Amino acid sequence: MVSALRTGQLIKDEYFTMFESVGAIEVMDPKMDSGYVEPGDTLEDDYDVLRDLSCKEFLGIMDQLLCHEMAWHDGAPLSQTLFTSLYVDRLLWPDTKTLEEARFFRGREPAWKNRPLMQALRAYCLGLIKTCDLVIRTVISQHYYEEEDFVTMTYNRDLLTRYETLDVMALLVDAVSSFSNWCEERDVPIELRSAIVIRLDARHSFLAAVSTDYPSVVMKRNLTTLCGMLGKFGETHNLGRPVKEAFSEKVQRRLATTVPPRHMAEMSFRNAVTKLEKMLQDIHAALLVEETGAFKDPYNLVKFLQFWNVRESLTFARAKLQSWLFGDLKVAPSIEKLLLKDVKGLVLREDKLLDPINWTVEVPADPRHQIASLIDNFRQRASMMEWIVELGFEQDIYAPDELALMYWHERLSREDRKTEKARSMLLTLGYNTNLTAEAIAIHSLALSLFTLYSLLNYLKLLGGEDRPCSSDRLRYKLRMKPFFHISTPELPAYVDVWDPVYASGGGQEQCNKAEDALKTAKEQITVLKSLGPQEMKYVGNEVEYQNHVRQMLRSCIATGVAIATVRAACAKYASKDEADSLHKGVLRSVLNVEIPNPETRYAARWAVPKITQKKAKS
Amino acid sequence: MRGAPREETDRSSGRLQSDENDNAIVYLSNLLNKELHIHITDGRMFVGALKCTDKYRNIILSCAHEYRSPSRAAVEKAATESSDGQNVTVDMTGRFVGLVTIPGEHITKVEVED
């Protein structure tokens, strides 16, 4: 029938598009078809999962499985990791109705009772699979990025979801005792025996740790114990002998998969143990969130989460943290209450504006609802603006000649929390004074750097002249773009910004201004030093608080050094006539400015220039 | 304006060709979205809804399942476990594969499910 069609003529469903067809797997193409068997190759592996293993091989296989498990946590799908294990494959397929039936065979196998080693391997694998099941359940209950960070696909295989965690844990406990006895009878070397047993115990602890049945205090204990055990894995790894034949990509031929065949994921044992240790440590650190009353202040919680995010944890750890944050609503009873508490902590407490009744009004047209939304928005916006600029410094996106503008903005965004405003309101909370100290310190340091950079711009020491397609106005638009549509806090117009940046009094005058601001900053930092992490809302990040203060102080000192160098040069090559271009030209030739990149700065957000003086050209 | 020479000189066979073409279009269009069983050269069978085909018998199936004949070992096992010892049925093993394109050159048989 088809031969009667013309070349290029297609019979297709009207809703089926060419775009969709691109995703089709081409059968018989080795690169696409996961079911294709190369001529001469066998469909399945002929590895016998029931063969007798030596203890060394048992140990080797357990370590290989751990590598695959961590590769999975790292983002590789099960089809390229744990499912390539022929032992795991046999346990999971075909499905069973009872846990007992989940063995390396189906039906009966008379010799099974007398094989403690194989039973122990089975217990280990079942523990591993059940751990993965619990991990997937936690991850999918929270927000995550499928296929980018983590792949939850199980290819139609059931990961022992029907069976109780406790039953699997019991199997592990039994395995340890019967295997130990078996080892005694056969005089297995003690190091080999304990290496295997510690892995079985660790699997038991890991399973307990990912189970949601236990309170956090038990989990903490489990995590600590587990980390201790992991420490011993490295030194015993070489006792094992890996069994390459026990893992195969051919398993993909039997998985319900709509993607092309892929290679097994690789990960070294050392890497796997390190990743696992880090993941457990991240979860341990996140447990603070689960303790009621640990964070009395939402601002503190926000800070804690920001610092925790720097760890760049694996998906499972992030999901765990999310489940504690939003799980049973102990920590964050409702987003509104959290925000309300947040705002209250900063502004006047008893103002009618902050009457909680406002937040219960849901009619959008009601002015009380509008007031509530405005306040929430303002608070969030002000923070966001600061963070955006700060991020720009950390990511090093500003050109040297733009730094003046950015520090000018930094200084501005702190204006609303600055001295006069805060002090003129009724200070009902000591909290407000503490935050003011920090605000003044940051404001002053930013002002000092702004003054210094505008002087350097005036002396044309920061480049930026050779941009034929650019203009000051365009640069301003570019950098302030995120803030244009915001009405409060208000962004000044272009004209207002640029003048202070490029206008310059005499060199000495600018240096004076910069040094005065620095002095204020240092005074406030001394105040911050005397305050503790508790008052400054750094509970849970005490070390980070010390670092934060120290880094700011060092940045101040470095700024002082830079200002002094410029001041000395200005004094040495001074001319009475400020408009004298030779003066600028001379200064330009003797001063060398270097802006360190974020990794080498004391604090990423404080780009303090390194200024050196060289001999003048005659 | 002069038409294409072939149409003028082969008017009778030209019309026959276009008739055949029409028949083909109608017949094949009727098969769209029906469940087809496609057997291919290496022994596998694909079952899925027909979405697209062309002159070279390239076929696109959606929501397809891939089936293989049971392995020798599976057949032997079923034979030993069978009750009457005479007749044995063993299911083909199948798995979901989604959207597939089967090149015409590999197709050995096409069947339509009733």
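Coordinates for the structure precede this section.
These numbers come from a predicted model, not from an experiment.

Visitor: Is there a simple way to think about the overall build of chain A in this case?
Guide: Helix and strand counts for chain A stand at 21 helices and 4 strands. Expressed as a percentage of its 618 residues, the buried residues of chain A come to 50%. Pairs at least 24 apart in sequence give 75% of the contacts found in chain A among residues at least 6 apart. Carbon together with sulfur atoms contributes 54% to the accessible area of chain A, which is approximately 30,800 Å² in total.

Visitor: How do you make sense of the packing of helix α2 (residues 55–73) of chain A against helix α4 (residues 116–140) of chain A when you look at a structure like this?
Guide: In a packed pair of helices, the relevant descriptors are the angle between the two axes and the axis-to-axis distance. Residue and element names in this part refer to chain A. Where α2 contacts α4, the two axes come as close as 11 Å, and the packing angle between them is 5°. When the axis of α2 is compared with that of α4, the two are roughly parallel. Only L117, A120, L121, Y124, C125, L128, T131, C132, V135 and I136 of α4 make contact with α2, whose side of the interface consists of C55, F58, I61, M62, L65, E69, W72 and H73. Taken together, the residues of the contact of α2 with α4 sort by class into 15 nonpolar, 2 polar and 1 charged.

Visitor: Explanation requested: the packing of helix α6 (residues 190–210) of chain A against helix α7 (residues 216–236) of chain A in the structure shown.
Guide: Residues and elements named next belong to chain A. Here α6 crosses α7 at 150°, and the two axes come no closer than 9 Å. In terms of their interaxial angle, α6 and α7 are classed as roughly antiparallel. Two packed elements cross with a definite hand, and for α6 against α7 that hand is left-handed. Residues A195, I198, R199, D201, A202, S205, F206, A208 and A209 of α6 form the contact with α7, whose own contacting residues are M219, N222, L223, L226, M229, K232, F233 and T236. Tallied by class, residues from the contact of α6 with α7 come to 11 nonpolar, 3 polar and 3 charged.

Visitor: So what exactly am I meant to see when it comes to a nonpolar patch on the surface here?
Guide: Residue and element names in this part refer to chain A. A surface patch of nonpolar side chains, about 310 Å² in accessible area, is lined by V302, M384, W387 and I388. Among the elements that make up the nonpolar patch, the one with the highest residue count is helix α13 (residues 367–394) (3 residues). With respect to the secondary-structure elements, M384 resides in helix α13.

Visitor: Please explain the pattern of salt bridges as it appears in this structure.
Guide: For side chains bearing opposite charge, pairing can occur when the charged atoms are close. All names here are of chain A. The tally for this structure, following the rule as stated, stands at 32 salt bridges over all chains. Note that K275 is salt-bridged to D74, the shortest N-O span being 3.4 Å. Placement of the pair is K275 in helix α8 (residues 269–286) and D74 in the loop between α2 and α3 (86–92), with a sequence separation of 201 residues. Taking the relative accessible area as the measure of exposure, K275 reaches 24% and is therefore partly exposed. Overall, the relative accessible area of 37% leaves D74 in the partly exposed class. Note that R311 is salt-bridged to D282, the shortest N-O span being 2.8 Å. Separated by 29 residues along the polypeptide, R311 in the loop between α9 (298–309) and α10 (315–326) and D282 in helix α8 bring together distant segments of the chain. For R311, a relative accessible area of 34% translates into the label partly exposed.

Visitor: Can you walk me through the nonpolar core in this structure?
Guide: Across soluble globular proteins, nonpolar side chains show a tendency to be buried alongside one another. Residues and elements named next belong to chain A. L65, Y87, F104, L121 and F179 are the most contacted members of the largest nonpolar core, which has 106 residues in total. Examining the composition of this core, we find that 15 residues originate from one element, α4, more than from any other. Each residue touching Y87, except ones within four places of it in the same chain, is listed here: Y47, V49, L53, I61, F104, M118, L121, C125 and A246.

Visitor: Is there a simple way to explain the interface of chain B and chain A in this structure?
Guide: As a measure of interface size, the accessible area lost when the parts come together is often cited. Opposite the 34 residues of chain B that make contact, chain A presents 34 residues. Of the roughly 2,900 Å² buried between chain B and chain A on both sides combined, carbon and sulfur atoms contribute 62%. A per-residue breakdown of the area chain B buries against chain A is headed by B:K55, B:R95 and B:L99, which together make up 22% of the total. Scanning the region where chain B abuts chain A turns up 2 salt bridges. When the shortest N-O distance is used, the salt bridge between A:D33 and B:R44 registers 2.6 Å. Applying the counting criterion to the chain B and chain A interface returns 16 residue pairs in polar contact (both at pLDDT 80 or more). Counting residues per element, the ones that place at least two in the side of chain B that touches chain A are α2 (11–31), β2 (45–54), β3 (59–68) and β4 (93–102) of chain B. With 8 residues, the top contributor of residues to the side of chain B that touches chain A is β4(B). For the side of chain B that touches chain A, the per-class residue count stands at 16 nonpolar, 8 polar and 10 charged. In terms of strand pairing, strand β1 (residues 10–12) of chain A meets β2(B) through 3 bridges, oriented antiparallel. Bridging from a neighbouring strand, A:K12 pairs with B:C52 of β2(B).

Thresholds applied
- Residues numbered from 1 in each chain as written.
- Chains lettered and ligands numbered in written order.
- Predicted model: local features only at pLDDT ≥ 70, side-chain atom pairs only at ≥ 80, totals over all residues.
- Heavy atoms only, no water.
- Helix = DSSP H or I, 4+ residues; strand = E, 2+ residues; numbered from the N terminus.
- Buried < 20%, exposed > 50% of the residue type's maximum accessible area, 1.4 Å probe, protein only.
- Contact = heavy atoms within 4.5 Å.
- Areas by Shrake-Rupley, 256 points an atom, 1.4 Å probe, with all protein chains shown as cover.
- Axes fitted to C-alpha atoms, helices over the stretch in contact; angles between N-to-C directions.
- Parallel < 35°, antiparallel > 145°, perpendicular 65-115°, else oblique.
- Nonpolar A, V, L, I, M, F, W, Y, C, P; charged D, E, K, R; others polar.
- Left-handed = near helix turned anticlockwise from the far one by under 90°.
- Patch = residues over 30% accessible without salt bridge, like charges linked within 9 Å, V, L, I, M, F, W, Y side chains within 5 Å.
- Salt bridge = Lys/Arg side-chain N within 4 Å of Asp/Glu carboxyl O.
- Core = buried A, V, L, I, M, F, W, Y, C linked by side-chain atoms within 4.5 Å.
- Buried area = accessible area lost by both parts, 1.4 Å probe.
- Polar contact = N/O pair within 3.5 Å; in protein donor to acceptor, adjacent residues only side chain to side chain.
- Pairing = 2+ DSSP bridges.

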